[in-house]
Amino acid sequence: MTLRLFNTLSGQLDDLVPADGKALRMYACGPTVYDYGHIGNFRTFLQVDVLRRFLKLTGIAVRHVMNITDVDDKIIRNATAAGLPIGEYTARFEKAFFEDLESLQVERPEIIARATEHIPRMVELVQKLAAAGAAYQTEDGSWYFRLAAFPEYGKLSKKDLGGMEDGARVDLDEYEKDSARDFALWKAAKPGETSWDTAIGRGRPGWHIECSAMAMEFLGESFDLHAGGEDLMFPHHENEIAQSESVTHKPFARHWMHVRFLLVDGRKMSKSEGNFYTLRDLLLKGYKASAIRLALISVPYRHQLNFTFDSLADATNAIDRLRTFHQRLTAGSFVEGANPALQAAAEKAQADYLAAFSNDLNTAEARAPIFDLIRTANTAMDQGQLLAADRDAILAVLASFDAVFCVIEDRDAEPTRRALEWAEQAGRMADVAPELLTRQGLTDEAIDALVAERTLAKKQRNFARADQIRNELAEKGIVIEDSKDGVRWKRK
Ligand SMILES: [Zn+2]
């Protein structure tokens, strides 16, 4: 089964296969660690996670590199304002970033590369560009890329770069101008700024050169896939191509994947609009990390996702159905044998699921057959027609679903606990939803003990105490379900 993935560079769906036949070598732009990640950032990281999980499910190994931008204009500005050395300033946000990825069940890339730990490779690349006539130094000691030296500039974003002016320069790490400019490769040290003493002078790298240098360091001059948010396509990725290919004269990345922006309540997310959410904001509002994951991946990566609280509620319900169904299958007892209709349904669900993913990672279409299967299987179970071999076949489909979606197994307690701990340290307790505080008052062990006490009370015909415990738990958002297979509880 080969993944057909849209390639921004070719403008069409192309097969994504490892060129070396062994492992898919991929690079995805990581965060600039100057603040907490918002859900727009995490949508990109989650969709890249979906990609790598699906590749692994189909038997393709992955060598995935992600950079951490730990020096840039914004970091220097914010660290200076906070009166901290940049390393101390970024360490806090880098730690938070990885905690957030863990909360969202985003797998850690095989290689994580901090910009500040790879300065010599960047200097080397600037030297090679200078030798090739594609870089020049200005009077203040900074180095710029000479755009005129790379006629293919613009081939990724397909922008009309008619406004290109020879020699016009930009030294900002981020800019949105349509007309291309010579961009900074190396910025000469300004008084008081963090800088490195190198063969090309004292200074610090520009943002774009980091990714070129580190991608080639770990993946070679040519590699399989480069991914990132659509906002990075121009100028960042265009610049990465120009810097790399001017030196190697080989295609930098063969395949480019761009994840589309999300909207919140139909509008662009922004602090001034009041619709800006970090992952932590949502956890403190009482949403489960799994629901946030599902809401952010259920719309395919090339489609605009409109994030709403209704979509989070839908995701919460969907996860509830998945988990209840999974528990029903694992806890129930089934007669030996196989029902041919259910065997066929399981097989079809699995085939449709994989086919949807192979078609440009269509997460929405991949979900649908699984929920159809749940409906069919629940009806069969109600009628006693689901047999032991059917249970095994359906559990295998669910396992394959969860290898990518990763929401059935309940790992939600830890992210919430961590978010509350953070809220306490960060003075954000006022933002915590009251129901969440009540709910957190009870650990799993405490609930288990109360449920056991209730069972004993019932056995001893002390129904008043049994009811009292049930009500107490209900008040704290714990639902008890009595079934023929025993007592179960879940958090609402
Ligand atoms: Zn990058």
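Since this is a predicted model, take the numbers as computed values, not measurements.

Chemist: Honestly, the overall build of the protein chain in this entry has me stumped. Any pointers?
Modeler: A tally of helices and strands in the protein chain yields 16 helices and 18 strands. Judged by the C-alpha coordinates and their principal axes, the protein chain covers about 90 × 55 × 35 Å. Buried positions account for 52% of the 492 residues belonging to the protein chain. Surface exposure of the protein chain reaches about 21,600 Å², of which carbon and sulfur atoms provide 50%.

Chemist: What's the story with the pattern of salt bridges in this structure? I'm lost.
Modeler: If the charged atoms of two oppositely charged side chains come close together, the side chains can form a pair. Within this structure, the stated rule accounts for 43 salt bridges. With a shortest N-O distance of 3.1 Å, Lys 95 and Glu 99 are connected by a salt bridge. Of this pair, Lys 95 and Glu 99 both sit in helix 3 (residues 86-103), four residues apart, which is roughly one turn of the helix. Overall, Lys 95 belongs to the exposed group, its relative accessible area being 55%. With relative accessibility at 18%, the residue Glu 99 sits in the buried group. A salt bridge links Arg 254 to Asp 224; its shortest N-O distance comes to 2.7 Å. A residue pair is termed long-range when its members are at least 10 positions apart, and Arg 254 in strand 13 (residues 253-259) and Asp 224 in strand 12 (residues 223-229) qualify at 30 residues. Exposure remark for Arg 254: the relative accessible area of 34% places this residue in the partly exposed category. Through salt bridges that share partners, Asp 49, Arg 52, Arg 53, Lys 56, Glu 107, Glu 110 and Arg 293 make up one connected network.

Chemist: Which parts of the structure should I look at to understand the coordination of the zinc ion?
Modeler: Ideal values differ by geometry: the angle at a metal is 109.5 degrees with four tetrahedral donors, but 90 or 180 degrees with six octahedral donors. The protein atoms that coordinate the zinc ion are Cys 29 (SG), Cys 211 (SG), His 236 (NE2) and Glu 240 (OE), at distances of 2.0 to 2.8 Å. Classification of the site at the zinc ion as irregular follows from its four donor atoms and the range of 73 to 133° in their angles at the metal. Binding-site remark: the zinc ion is held by donors from one chain whose sequence spacing is C-x181-C-x24-H-x3-E. With a gap of 207 residues between them, Cys 29 in the loop between strand 3 (23-28) and helix 1 (39-57) and His 236 in helix 6 (residues 233-248) connect regions that are remote in the sequence. Accessibility assignment for this pair places Cys 29 and His 236 in one class, buried.

Chemist: I would appreciate a short explanation of helix 1 in the present structure.
Modeler: Residue pairs spaced three or four apart in an α-helix point in one direction, given the helix's 3.6 residues per turn. Here helix 1 spans 26 Å end to end across 19 residues, near enough to the 27 Å set by a 1.5 Å rise per residue. Of the residues one or two after helix 1, Gly 59 is the one with positive phi, at around 90°.

Chemist: So what exactly am I meant to see when it comes to the sheet that holds strand 15 (residues 267-268) here?
Modeler: Pairing between the strands of a sheet comes from backbone hydrogen bonds, and it takes one of two forms, parallel or antiparallel. The strand order 15-14-16 describes an open sheet built from three strands, whose pairing is mixed. Both edges of this open sheet fall to strand 15 and strand 16 (305-307), since each of them pairs with a single strand only.

Parameters at a glance
- Residues numbered from 1 in each chain as written.
- Predicted model: local features only at pLDDT ≥ 70, side-chain atom pairs only at ≥ 80, totals over all residues.
- Heavy atoms only, no water.
- Helix = DSSP H or I, 4+ residues; strand = E, 2+ residues; numbered from the N terminus.
- Buried < 20%, exposed > 50% of the residue type's maximum accessible area, 1.4 Å probe, protein only.
- Areas by Shrake-Rupley, 256 points an atom, 1.4 Å probe, with all protein chains shown as cover.
- Salt bridge = Lys/Arg side-chain N within 4 Å of Asp/Glu carboxyl O.
- Donors = N, O, S within 2.8 Å, 3.2 Å for Na, K, Ca; no water.
- Tetrahedral: all angles 85-135°; square planar, octahedral: opposite > 155°, others 65-115°.
- Expected span 1.5 Å × (residues − 1).
- Pairing = 2+ DSSP bridges.

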